[in-house]
Amino acid sequence: NLTTQLANVTFDGPLLNASGIHCQTSAELADLANTSNLAGIVTKSATLFPRKGNENPRYHDLPYGSINSMGLPNLGYPFYLDYVQQEKAKPTILSVAGLSADDVIEVLSDIQDSKYQGITELNLSCPNVPGKPQTAYDFVATRKVLERVFEFFTKPIGVKLPPYFDLVHFDQIAAVLNDFPITHVNTVNSVGNGLVVDVAKEQVVTKAKGGFGGLGGAMILPTALANVRALRQRLNDNIAIIGTGGVTTGADVFAHILCGADMVSVGTQVIKEGLGVYDRLTQELEALMTEKGYERLADFRGQLREL
Ligand code: DHB
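The structure reproduced in this document is the subject of the present report. (Residues numbered from 1 in each chain as written. Predicted model: local features only at pLDDT ≥ 70, side-chain atom pairs only at ≥ 80, totals over all residues. Heavy atoms only, no water.)

Structural notes on helix H9 (residues 277-292)
Counting along an α-helix, one turn takes 3.6 residues, and residues three or four places apart therefore face a common direction.
Next, step 1: Here H9 contains 16 residues, and its C-alpha end-to-end distance of 22 Å stays within 8% of the 22 Å for a straight helix at 1.5 Å per residue.
Next, step 2: Among the residues making up H9, those that are buried are Val-277, Tyr-278, Leu-281, Thr-282, Leu-285, Leu-288 and Met-289. When H9 is viewed along its axis, its buried side chains cluster within an angular range of 130° and face the same direction. Opposite the buried face of H9, by more than 90 degrees, sit the exposed residues Gln-283, Thr-290 and Glu-291. (Helix = DSSP H or I, 4+ residues; strand = E, 2+ residues; numbered from the N terminus. Expected span 1.5 Å × (residues − 1). Buried < 20%, exposed > 50% of the residue type's maximum accessible area, 1.4 Å probe, protein only. Arc of directions from axis to C-beta.)

Take a look at the structure:
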(Lines give C-alpha, C1' and ligand atoms only; values in the text may rest on other atoms or scores of the structure.)
Protein backbone atom coordinates (compact mmCIF):
# COMPACT_ATOMS: atom_id res chain seq x y z
CA ASN A 1 0.00 0.00 0.00
CA LEU A 2 1.80 3.09 -1.28
CA THR A 3 -1.03 5.60 -0.85
CA THR A 4 -0.08 9.10 0.19
CA GLN A 5 -1.95 12.28 1.04
CA LEU A 6 -1.41 15.79 -0.25
CA ALA A 7 -3.78 18.60 0.76
CA ASN A 8 -7.32 17.22 0.43
CA VAL A 9 -6.32 14.56 -2.08
CA THR A 10 -5.37 10.90 -1.65
CA PHE A 11 -2.96 9.57 -4.27
CA ASP A 12 -2.63 5.85 -5.09
CA GLY A 13 1.18 6.05 -4.93
CA PRO A 14 3.99 8.54 -4.45
CA LEU A 15 4.99 9.20 -8.07
CA LEU A 16 4.26 12.27 -10.19
CA ASN A 17 5.68 13.66 -13.40
CA ALA A 18 7.85 16.71 -12.90
CA SER A 19 6.20 19.78 -14.39
CA GLY A 20 7.36 20.35 -17.94
CA ILE A 21 7.77 16.64 -18.62
CA HIS A 22 5.28 15.26 -21.16
CA CYS A 23 2.50 17.55 -19.96
CA GLN A 24 2.20 20.43 -22.39
CA THR A 25 -0.31 19.24 -24.99
CA SER A 26 -3.63 17.36 -24.90
CA ALA A 27 -1.95 14.29 -26.38
CA GLU A 28 0.84 14.29 -23.78
CA LEU A 29 -1.60 14.78 -20.91
CA ALA A 30 -3.74 11.91 -22.25
CA ASP A 31 -0.62 9.70 -22.22
CA LEU A 32 -0.09 10.56 -18.54
CA ALA A 33 -3.69 9.64 -17.73
CA ASN A 34 -2.91 6.18 -19.17
CA THR A 35 0.44 5.71 -17.41
CA SER A 36 0.41 3.05 -14.73
CA ASN A 37 2.01 3.84 -11.39
CA LEU A 38 1.85 7.56 -12.10
CA ALA A 39 -0.36 8.66 -9.20
CA GLY A 40 -1.11 12.19 -10.33
CA ILE A 41 -0.64 14.52 -13.26
CA VAL A 42 1.26 17.80 -13.02
CA THR A 43 0.66 20.22 -15.87
CA LYS A 44 3.27 22.31 -17.71
CA SER A 45 3.63 25.63 -15.92
CA ALA A 46 1.01 27.85 -17.48
CA THR A 47 1.30 31.55 -18.10
CA LEU A 48 -1.33 34.24 -18.69
CA PHE A 49 -0.78 34.05 -22.45
CA PRO A 50 0.44 31.16 -24.63
CA ARG A 51 4.19 31.06 -25.24
CA LYS A 52 6.30 29.43 -27.93
CA GLY A 53 9.31 29.26 -25.61
CA ASN A 54 12.97 29.67 -26.47
CA GLU A 55 14.68 28.79 -29.74
CA ASN A 56 16.02 25.27 -30.37
CA PRO A 57 18.12 23.52 -29.31
CA ARG A 58 16.52 23.89 -25.89
CA TYR A 59 16.97 20.43 -24.33
CA HIS A 60 20.21 18.45 -24.31
CA ASP A 61 20.73 14.96 -22.96
CA LEU A 62 23.87 14.26 -20.92
CA PRO A 63 25.34 11.02 -19.56
CA TYR A 64 24.73 12.29 -16.02
CA GLY A 65 21.44 14.17 -16.55
CA SER A 66 20.20 16.96 -18.76
CA ILE A 67 20.33 20.68 -19.42
CA ASN A 68 17.37 22.67 -20.71
CA SER A 69 16.37 26.17 -21.56
CA MET A 70 12.80 25.67 -22.69
CA GLY A 71 11.56 29.18 -21.86
CA LEU A 72 8.10 28.23 -20.65
CA PRO A 73 6.46 27.04 -23.87
CA ASN A 74 2.80 26.44 -22.98
CA LEU A 75 -0.70 26.80 -24.36
CA GLY A 76 -1.75 29.50 -21.90
CA TYR A 77 -3.54 28.92 -18.57
CA PRO A 78 -7.14 28.67 -19.88
CA PHE A 79 -6.19 25.45 -21.68
CA TYR A 80 -4.73 23.85 -18.54
CA LEU A 81 -7.52 25.13 -16.27
CA ASP A 82 -10.02 23.55 -18.65
CA TYR A 83 -7.99 20.33 -18.80
CA VAL A 84 -7.76 19.80 -15.03
CA GLN A 85 -11.52 20.23 -14.71
CA GLN A 86 -12.10 17.47 -17.27
CA GLU A 87 -9.45 14.98 -16.14
CA LYS A 88 -11.18 12.15 -14.30
CA ALA A 89 -8.56 9.35 -14.37
CA LYS A 90 -6.14 10.82 -11.83
CA PRO A 91 -5.75 13.77 -9.47
CA THR A 92 -4.08 16.80 -11.01
CA ILE A 93 -1.71 19.51 -9.90
CA LEU A 94 -2.19 22.68 -11.92
CA SER A 95 1.17 24.44 -12.27
CA VAL A 96 1.11 28.18 -12.81
CA ALA A 97 3.96 30.59 -13.53
CA GLY A 98 3.95 34.34 -13.94
CA LEU A 99 6.21 36.71 -15.82
CA SER A 100 5.16 39.24 -13.17
CA ALA A 101 3.29 39.25 -9.85
CA ASP A 102 0.34 40.89 -11.60
CA ASP A 103 0.19 37.99 -14.07
CA VAL A 104 0.19 35.49 -11.21
CA ILE A 105 -2.68 37.26 -9.48
CA GLU A 106 -4.73 37.41 -12.66
CA VAL A 107 -4.30 33.70 -13.37
CA LEU A 108 -4.95 32.65 -9.76
CA SER A 109 -8.07 34.84 -9.63
CA ASP A 110 -9.52 32.88 -12.52
CA ILE A 111 -8.61 29.58 -10.87
CA GLN A 112 -10.25 30.77 -7.65
CA ASP A 113 -13.41 31.69 -9.60
CA SER A 114 -13.46 28.39 -11.50
CA LYS A 115 -15.01 25.10 -10.45
CA TYR A 116 -11.56 23.46 -10.08
CA GLN A 117 -11.22 22.07 -6.57
CA GLY A 118 -7.89 20.28 -7.01
CA ILE A 119 -4.37 21.37 -6.14
CA THR A 120 -2.62 24.36 -7.70
CA GLU A 121 1.15 24.91 -7.61
CA LEU A 122 2.70 28.34 -8.02
CA ASN A 123 6.05 28.05 -9.77
CA LEU A 124 8.37 30.61 -8.19
CA SER A 125 11.48 29.17 -9.78
CA CYS A 126 11.61 29.09 -13.58
CA PRO A 127 15.25 29.83 -14.49
CA ASN A 128 14.94 30.01 -18.26
CA VAL A 129 13.09 33.17 -19.23
CA PRO A 130 15.61 35.78 -20.36
CA GLY A 131 15.52 38.82 -18.07
CA LYS A 132 13.23 37.20 -15.45
CA PRO A 133 15.00 36.17 -12.23
CA GLN A 134 13.74 33.26 -10.14
CA THR A 135 11.29 34.84 -7.69
CA ALA A 136 12.02 32.44 -4.85
CA TYR A 137 15.64 33.62 -4.63
CA ASP A 138 14.19 36.98 -3.53
CA PHE A 139 12.65 36.40 -0.10
CA VAL A 140 11.00 39.83 0.06
CA ALA A 141 9.37 39.42 -3.37
CA THR A 142 8.24 35.91 -2.42
CA ARG A 143 6.54 37.17 0.73
CA LYS A 144 4.89 39.99 -1.22
CA VAL A 145 3.42 37.75 -3.88
CA LEU A 146 2.14 35.26 -1.28
CA GLU A 147 0.54 38.09 0.68
CA ARG A 148 -1.33 39.12 -2.46
CA VAL A 149 -2.31 35.52 -3.26
CA PHE A 150 -3.78 34.79 0.15
CA GLU A 151 -5.87 37.94 0.14
CA PHE A 152 -8.33 36.02 -2.04
CA PHE A 153 -7.13 32.48 -2.82
CA THR A 154 -8.84 29.82 -0.66
CA LYS A 155 -8.17 26.64 -2.66
CA PRO A 156 -5.28 24.22 -2.05
CA ILE A 157 -2.06 25.76 -3.34
CA GLY A 158 1.63 24.99 -2.94
CA VAL A 159 4.83 26.48 -4.34
CA LYS A 160 7.62 25.14 -6.55
CA LEU A 161 11.03 26.19 -5.27
CA PRO A 162 14.49 26.44 -6.78
CA PRO A 163 17.34 24.64 -5.05
CA TYR A 164 19.01 26.51 -2.20
CA PHE A 165 22.65 26.00 -1.34
CA ASP A 166 23.14 27.73 1.99
CA LEU A 167 21.60 26.84 5.35
CA VAL A 168 20.73 30.49 5.97
CA HIS A 169 18.67 30.49 2.79
CA PHE A 170 16.73 27.42 4.00
CA ASP A 171 15.98 29.34 7.22
CA GLN A 172 14.89 32.39 5.24
CA ILE A 173 12.57 30.67 2.77
CA ALA A 174 11.03 28.51 5.50
CA ALA A 175 10.35 31.59 7.63
CA VAL A 176 8.41 33.12 4.72
CA LEU A 177 6.49 29.97 3.79
CA ASN A 178 5.54 29.13 7.38
CA ASP A 179 3.57 32.40 7.51
CA PHE A 180 1.13 31.24 4.81
CA PRO A 181 -1.46 28.44 4.52
CA ILE A 182 0.28 26.66 1.66
CA THR A 183 -0.50 22.97 1.19
CA HIS A 184 2.93 21.90 -0.01
CA VAL A 185 6.31 22.82 -1.39
CA ASN A 186 7.76 21.11 -4.44
CA THR A 187 11.55 21.04 -4.21
CA VAL A 188 13.65 21.31 -6.38
CA ASN A 189 13.24 22.95 -9.73
CA SER A 190 16.20 22.55 -12.06
CA VAL A 191 19.58 23.75 -10.83
CA GLY A 192 19.56 27.03 -12.69
CA ASN A 193 22.11 28.42 -15.06
CA GLY A 194 24.52 25.58 -15.48
CA LEU A 195 26.70 25.63 -18.57
CA VAL A 196 27.58 22.55 -20.58
CA VAL A 197 30.58 22.79 -22.88
CA ASP A 198 30.98 20.67 -26.02
CA VAL A 199 34.76 20.57 -26.17
CA ALA A 200 34.96 19.08 -29.69
CA LYS A 201 32.87 21.91 -31.10
CA GLU A 202 34.14 24.45 -28.55
CA GLN A 203 30.57 25.64 -28.07
CA VAL A 204 27.50 25.53 -25.86
CA VAL A 205 24.71 22.98 -26.33
CA THR A 206 21.52 25.05 -25.95
CA LYS A 207 20.60 28.24 -27.80
CA ALA A 208 18.97 30.69 -25.39
CA LYS A 209 20.86 32.75 -22.80
CA GLY A 210 24.22 31.92 -24.37
CA GLY A 211 23.92 28.28 -23.35
CA PHE A 212 23.07 28.79 -19.68
CA GLY A 213 20.31 26.41 -18.65
CA GLY A 214 18.66 24.36 -15.93
CA LEU A 215 20.32 21.12 -14.87
CA GLY A 216 18.36 17.98 -14.05
CA GLY A 217 18.84 14.26 -13.65
CA ALA A 218 21.26 12.12 -11.65
CA MET A 219 23.81 14.92 -11.14
CA ILE A 220 21.35 16.92 -9.01
CA LEU A 221 20.17 14.13 -6.67
CA PRO A 222 22.27 15.21 -3.64
CA THR A 223 21.11 18.81 -4.09
CA ALA A 224 17.48 17.68 -4.29
CA LEU A 225 17.78 15.45 -1.21
CA ALA A 226 19.43 18.24 0.77
CA ASN A 227 16.57 20.58 -0.10
CA VAL A 228 13.89 18.03 0.85
CA ARG A 229 15.64 17.28 4.13
CA ALA A 230 16.42 20.89 5.05
CA LEU A 231 12.89 22.06 4.31
CA ARG A 232 11.29 19.12 6.15
CA GLN A 233 13.35 20.13 9.20
CA ARG A 234 12.11 23.73 8.96
CA LEU A 235 8.57 23.80 7.57
CA ASN A 236 5.35 23.49 9.59
CA ASP A 237 4.17 19.86 9.81
CA ASN A 238 1.03 20.64 7.82
CA ILE A 239 3.07 21.67 4.75
CA ALA A 240 3.67 18.56 2.62
CA ILE A 241 6.75 18.11 0.44
CA ILE A 242 7.02 16.91 -3.14
CA GLY A 243 10.60 15.80 -3.71
CA THR A 244 11.82 16.43 -7.22
CA GLY A 245 15.27 15.94 -8.69
CA GLY A 246 17.70 13.26 -9.71
CA VAL A 247 15.51 10.17 -9.46
CA THR A 248 16.69 7.29 -11.66
CA THR A 249 15.98 4.27 -9.38
CA GLY A 250 13.52 3.05 -6.77
CA ALA A 251 16.26 3.59 -4.20
CA ASP A 252 16.31 7.28 -5.17
CA VAL A 253 12.55 7.47 -4.57
CA PHE A 254 13.12 5.79 -1.19
CA ALA A 255 15.87 8.32 -0.37
CA HIS A 256 13.58 11.27 -1.15
CA ILE A 257 10.91 9.84 1.16
CA LEU A 258 13.49 9.07 3.85
CA CYS A 259 14.46 12.77 3.70
CA GLY A 260 10.81 13.70 4.24
CA ALA A 261 9.10 13.74 0.85
CA ASP A 262 5.38 12.92 0.76
CA MET A 263 5.47 12.47 -3.01
CA VAL A 264 8.29 12.24 -5.54
CA SER A 265 8.35 13.48 -9.10
CA VAL A 266 10.43 12.37 -12.04
CA GLY A 267 11.65 14.54 -14.92
CA THR A 268 14.83 13.85 -16.86
CA GLN A 269 14.57 10.07 -16.44
CA VAL A 270 11.14 10.09 -18.15
CA ILE A 271 12.73 11.70 -21.19
CA LYS A 272 15.58 9.18 -21.19
CA GLU A 273 13.49 6.08 -20.58
CA GLY A 274 9.87 6.82 -21.45
CA LEU A 275 6.71 6.61 -19.37
CA GLY A 276 7.43 2.97 -18.42
CA VAL A 277 9.84 4.40 -15.85
CA TYR A 278 7.00 4.67 -13.33
CA ASP A 279 6.42 0.89 -13.38
CA ARG A 280 10.12 0.20 -12.93
CA LEU A 281 10.55 2.71 -10.10
CA THR A 282 7.50 1.31 -8.31
CA GLN A 283 8.75 -2.28 -8.62
CA GLU A 284 12.17 -1.25 -7.32
CA LEU A 285 10.68 0.77 -4.46
CA GLU A 286 8.38 -2.10 -3.45
CA ALA A 287 11.24 -4.63 -3.58
CA LEU A 288 13.38 -2.39 -1.38
CA MET A 289 10.55 -1.86 1.11
CA THR A 290 9.89 -5.60 1.30
CA GLU A 291 13.58 -6.29 1.87
CA LYS A 292 13.59 -3.75 4.69
CA GLY A 293 10.30 -4.90 6.18
CA TYR A 294 8.34 -1.71 5.46
CA GLU A 295 4.68 -1.84 4.43
CA ARG A 296 3.82 1.82 4.07
CA LEU A 297 5.65 4.97 3.07
CA ALA A 298 4.90 6.38 6.51
CA ASP A 299 7.04 3.60 8.05
CA PHE A 300 10.22 5.34 6.89
CA ARG A 301 9.21 8.82 5.75
CA GLY A 302 11.51 11.43 7.28
CA GLN A 303 13.38 8.78 9.28
CA LEU A 304 16.85 9.50 7.85
CA ARG A 305 19.50 8.78 10.48
CA GLU A 306 22.43 11.04 11.27
CA LEU A 307 25.79 9.78 12.41
C1 DHB B 1 10.84 26.14 -17.61
C2 DHB B 1 11.81 25.61 -16.80
C3 DHB B 1 11.57 25.52 -15.47
O4 DHB B 1 12.48 24.98 -14.64
C5 DHB B 1 10.38 25.96 -14.95
O6 DHB B 1 10.17 25.88 -13.64
C7 DHB B 1 9.42 26.48 -15.76
C8 DHB B 1 9.66 26.57 -17.10
C9 DHB B 1 11.10 26.26 -19.03
O10 DHB B 1 12.22 26.55 -19.43
O11 DHB B 1 10.13 26.09 -19.80
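Next comes the rest of the write-up.
Looking at unusual backbone geometry
A negative phi angle characterises most non-glycine residues, just as the trans form characterises most peptide bonds.
Next, step 1: Omega for the peptide link from Asn-56 to Pro-57 comes to -5°, which places this bond in the cis form.
Next, step 2: Assignment of secondary structure puts Pro-57 in the loop between strand E4 (41-42) and strand E5 (59-62).
Next, step 3: Unlike most non-glycine residues, His-22 shows phi in positive territory, near 55°.
Next, step 4: Summarising the element assignment, His-22 is placed in the loop between strand E3 (15-17) and helix H1 (26-33).

Observations regarding the packing of aromatic side chains
Next, step 1: One pass over the structure, following the stated rule, counts nine aromatic pairs.
Next, step 2: Ring plane angle 25° and centroid distance 6.0 Å describe the contact between Phe-139 and Tyr-164, whose orientation is recorded as stacked. Separated by 25 residues along the polypeptide, Phe-139 in helix H4 (residues 139-149) and Tyr-164 in the loop between strand E9 (157-161) and helix H5 (167-177) bring together distant segments of the chain.
Next, step 3: On the basis of relative accessible area, Tyr-164 is assigned to the buried category, the value being 2%.
Next, step 4: Look at Phe-254 and Phe-300: their rings are 4.0 Å apart centre to centre, the planes differ by 10°, and that puts the pair in the stacked class. Residue Phe-254 is found in helix H7 (residues 250-258), and its partner Phe-300 is found in the segment after H9; the two are separated by 46 residues along the sequence.
Next, step 5: For Phe-254, a relative accessible area of 6% translates into the label buried. (Phe/Tyr/Trp six-rings, centres within 6.5 Å; stacked < 30°, edge-to-face > 60°.)

Thoughts on the pattern of salt bridges
Next, step 1: All told, the structure shown has eight salt bridges when counted by the stated rule.
Next, step 2: A salt bridge links Glu-306 to Arg-229, with the shortest nitrogen-to-oxygen separation between them at 3.2 Å. Of this pair, Glu-306 sits in the segment after H9 while Arg-229 sits in helix H6 (residues 221-234), placing them 77 residues apart in sequence.
Next, step 3: Note on Arg-229: relative accessible area 16%, which makes it buried.
Next, step 4: Ionic pairing is found between Arg-280 and Glu-284, a salt bridge with its closest N-O pair at 3.0 Å. Of this pair, Arg-280 and Glu-284 both sit in helix H9, four residues apart, roughly one helical turn.
Next, step 5: For Arg-280, a relative accessible area of 22% gives the class partly exposed.
Next, step 6: Relative accessible area serves as the criterion here: at 29%, Glu-284 is assigned to the partly exposed category.
Next, step 7: Within the structure, one salt-bridge network assembled from shared partners comprises Glu-273, Arg-280 and Glu-284. (Salt bridge = Lys/Arg side-chain N within 4 Å of Asp/Glu carboxyl O.)

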